[in-house]
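Residue strings, one per chain:
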Amino acid sequence: QVQLVESGGGLVQAGGSLRLSCTASSRAFVAMAWFRQAPGKEREFVAAIEVIGPVTEYADSVKGRFTISRDNAENKLFLQMNTLKPEDTAVYYCAAASTAPTAPTLSLRSDYDYWGQGTQLTVSS
């Protein structure tokens, strides 16, 4: 029915940059987000963006380094990651919400009803 497909992961040295992409099969989303899960850890919020409005939200750990954006016409979501750190190593998941997330935050896993399969990012020292 609804499909989200991530791409762009890979191996990057510390301080490098990489851009992740997510292609959605539907435009009927009000918000999209990136989450990540490192080995031995729970899935955590990274960044989110409202599809219609200009509102974005970032985890403290990535503020100033990551930028989330979207191309509504192409049903795509992006995550530009700069000055990467080994701590950023994780599987990154694209998520989408078909209904409005609970204000004032876009960071709750429970607000997202569609998820991609994930793409691996490994940052070496």
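Let me begin by describing the structure that accompanies this report. On a predicted model such as this, the values are computed, not experimentally measured, just so you know.

### A look at the side chain of glutamate 57
With respect to the helices, strands and loops of the structure, glutamate 57 is situated in strand S6 (residues 56-58). It is lysine 63 that comes nearest to the buried, bridge-free glutamate 57 among opposite-charge side chains, at 7.8 Å. A distance of 2.7 Å separates a polar atom in the side chain of glutamate 57 from the backbone nitrogen of leucine 106. Apart from the residues lying within four places of it in its own chain, the contact partners of glutamate 57 are Phe45, Val46, Ala47, Ala48, Pro104, Thr105, Leu106 and Ser107.

### Overview of the sheet that holds strand S8 (residues 76-81)
Taken in spatial order, the 4 strands make up an open sheet running S1-S3-S8-S7, and their pairing is antiparallel. The open sheet has two edge strands, strand S1 (4-7) and strand S7 (66-71), and neither has a second partner. Averaged over all pairs of adjacent strands, the angle between strand axes in this sheet comes to 15°, irrespective of strand direction. As paired strands, S7 and S8 are joined by 6 bridges and run antiparallel to one another.

### Remarks on the pattern of salt bridges
Inspection of every chain in the model, using the stated rule, returns 4 salt bridges. When the shortest N-O distance is used, the salt bridge between arginine 36 and glutamate 44 registers 2.8 Å.

### Quick word on the state of the cysteines
Following the criterion strictly, the structure yields 1 disulfide and no others. Disulfide pairing is shown between cysteine 22 and cysteine 94; the S-S distance is 2.1 Å. Negative torsions about the S-S bond denote left-handed disulfides, and the value of about -75° found for cysteine 22 with cysteine 94 makes this one left-handed. Of the two residues, cysteine 22 is situated in strand S3 (residues 18-24) and cysteine 94 in strand S9 (residues 90-97); the sequence distance between them amounts to 72 residues. Taking the relative accessible area as the measure of exposure, cysteine 22 reaches 0% and is therefore buried. For cysteine 94, a relative accessible area of 0% corresponds to the buried category.

Thresholds, definitions, all that
- Residues numbered from 1 in each chain as written.
- Predicted model: local features only at pLDDT ≥ 70, side-chain atom pairs only at ≥ 80, totals over all residues.
- Heavy atoms only, no water.
- Helix = DSSP H or I, 4+ residues; strand = E, 2+ residues; numbered from the N terminus.
- Buried < 20%, exposed > 50% of the residue type's maximum accessible area, 1.4 Å probe, protein only.
- Lys, Arg positive; Asp, Glu negative; His and termini not counted.
- Salt bridge = Lys/Arg side-chain N within 4 Å of Asp/Glu carboxyl O.
- Polar contact = N/O pair within 3.5 Å; in protein donor to acceptor, adjacent residues only side chain to side chain.
- Contact = heavy atoms within 4.5 Å.
- Pairing = 2+ DSSP bridges.
- Axes fitted to C-alpha atoms, helices over the stretch in contact; angles between N-to-C directions.
- Disulfide = S-S within 2.5 Å.

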